[in-house]
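Working through the structure, step by step
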Amino acid sequence: MSEIDERHPVITPRRVKFDWTDTPLHWIPGEPVATHFINVLHLLLPAGERWFVHVYKQALPLVEDDERLYREVKGFMGQEAVHAYSHQGVLDRQMLARGLDPRPLTRRIEWMFKHMLGDRPPVPGMSRRRWLKLRIGIIAGIEHYTAVLGQWILDARALDDAGADPTMLDLLRWHGAEEVEHRSVAFDVYEHVSGAYAQRVRSFFIGLVAMPLAVYVGAAYLCRADPTLHGVRPRVRDYRRAVHRGLFPGNRFMISAARTYLRRDYHPSAECSTRRAVDYLSTSPAARAAAVTGRPAA
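Residues numbered from 1 in each chain as written. Predicted model: local features only at pLDDT ≥ 70, side-chain atom pairs only at ≥ 80, totals over all residues. Heavy atoms only, no water.

**A word on the packing of aromatic side chains**
How two aromatic rings sit relative to each other is given by the distance of their centres and the angle of their planes. In this structure the tally under the stated criterion is 14 aromatic pairs. Relative to F113, the ring of W51 lies with its centre 5.5 Å away and its plane at 40°, an arrangement referred to as tilted. With a gap of 62 residues between them, W51 in helix α1 (residues 32-59) and F113 in helix α3 (residues 103-116) connect regions that are remote in the sequence. Owing to a relative accessible area of 4%, W51 belongs among the buried residues under this scheme. Overall, the relative accessible area of 11% leaves F113 in the buried class. Every member of this aromatic cluster is reached through a ring pair, and the members are Y145, F187, F204, F205, Y261 and Y266. Above the ring of Y261, the side-chain terminus of R200 is found at 5.3 Å from the ring centroid. A cation over a ring is seen here: R264 above Y197, with NZ or CZ 4.1 Å from the ring centre. (Phe/Tyr/Trp six-rings, centres within 6.5 Å; stacked < 30°, edge-to-face > 60°. Helix = DSSP H or I, 4+ residues; strand = E, 2+ residues; numbered from the N terminus. Buried < 20%, exposed > 50% of the residue type's maximum accessible area, 1.4 Å probe, protein only. Lys NZ or Arg CZ within 6 Å of the ring centre and 35° of its normal.)

Quick look at the structure:
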């Protein structure tokens, strides 16, 4: 078995494609609310991943003096662009085709990333360079969570036991594996351009506060817009039930991940497992097909 570099694996975009023809709206059988808790990812990620790429285009000149980091950032941007496209496919080809229209909410999410987190600093007197560094810090914190959630989905056997749709599971696990694979890049960029611990903490809490709010608002919208649920709202007990069944990560998991990131000696390479990610990518139907065809995503 070849040795894996946990901090600096080769980061290459995989031009995957997914066929949503046979994926039902509630892709975890009998669990519509739990399905929509996870479906919030599809609402957030297309706009969020495109924002990552936009910010990193501005960050590239700041890492030109580190050839390896520059190359890793380019690979990171390529992977994130494919992630955005792939989750957009769920919105356009899986949800819309089954009568759930996500566009009223996704338009608001797009506006948030373009305006609230856009290139113009939100505070008078803040320089564009300082605002760029703050956004780089926000991305580093988000990427910590996408990595640990990626590891979680790779190991979430309860979803298989519940009969979750295999195409959706492959999308989530392919994406999760790539998040584990490139987990060090955003943090290394932040350390390279700033490295200030206090700003790392401030940036992290911006994302930390927004995350649970986004999950609830997104799940509430999806349940309300779902033509089969007749306005059902997600409740705390629905969330707890999904966590108890192992279908969704719980509060303890999220708090533990926050504590890890806030350690002064934190580095992403010490968390998660690139070997586990690479092993999944070697068996992923979408990743294997992309490796064979070598064609860009349609």
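Having put the structure on the table, let's press on.
**Let's talk about empty space enclosed by the protein**
Taken as a whole and judged by the stated rule, the model has one cavity of 30 Å³ or more. Taken together, E143, H144, A147, V148, R183, Y266, P268, E271 and C272 form the lining of the largest cavity. Its residues placed into classes, the lining of the largest cavity shows five nonpolar, one polar and three charged. (1 Å grid on protein atoms, 1.4 Å probe; cavity = no way out; pocket = protein on both sides within 12 Å on 5 of 7 lines; lining within 4 Å. Points joined across faces, edges and corners; volume = space filled by probe spheres on them. Nonpolar A, V, L, I, M, F, W, Y, C, P; charged D, E, K, R; others polar.)

**Overview of unusual backbone geometry**
Located in the positive-phi region is C272, a residue other than glycine, with phi close to 65°. Mapped onto the fold, C272 is located in the loop between α10 (251-261) and α11 (274-281). Look at C272 and you get partly exposed, because its relative accessible area is 25%.

**As for the packing of α1 against helix α6 (residues 166-181)**
Two numbers describe how α1 lies on α6: the axes approach to 13 Å, and their chain directions differ by 50°. Between α1 and α6, the crossing angle belongs to the class labelled oblique. The handedness of the crossing between α1 and α6 comes out as left-handed. Taken together, the residues of α6 that come into contact with α1 (itself represented by I38, L41, H42, L45 and E49) are M168, L171, L172, H175 and E179. Here the residues of the contact of α1 with α6 sort into six nonpolar, two polar and two charged. (Axes fitted to C-alpha atoms, helices over the stretch in contact; angles between N-to-C directions. Parallel < 35°, antiparallel > 145°, perpendicular 65-115°, else oblique. Left-handed = near helix turned anticlockwise from the far one by under 90°. Contact = heavy atoms within 4.5 Å.)

**Details of the packing of helix α4 (residues 128-155) against α6**
Packing of α4 against α6 leaves a shortest axis separation of 7 Å and a crossing angle of 130°. In terms of orientation, α4 and α6 fall into the oblique class. Considering how the two elements wind past one another, α4 and α6 form a crossing that is left-handed. Seen from α4, the contacting residues are E143, T146, A147, G150, Q151, I153 and L154; seen from α6, they are L172, R173, G176, A177, E179 and V180. Classifying every residue of the contact of α4 with α6 gives six nonpolar, four polar and three charged.

Nothing here speaks to function; it is all geometry.
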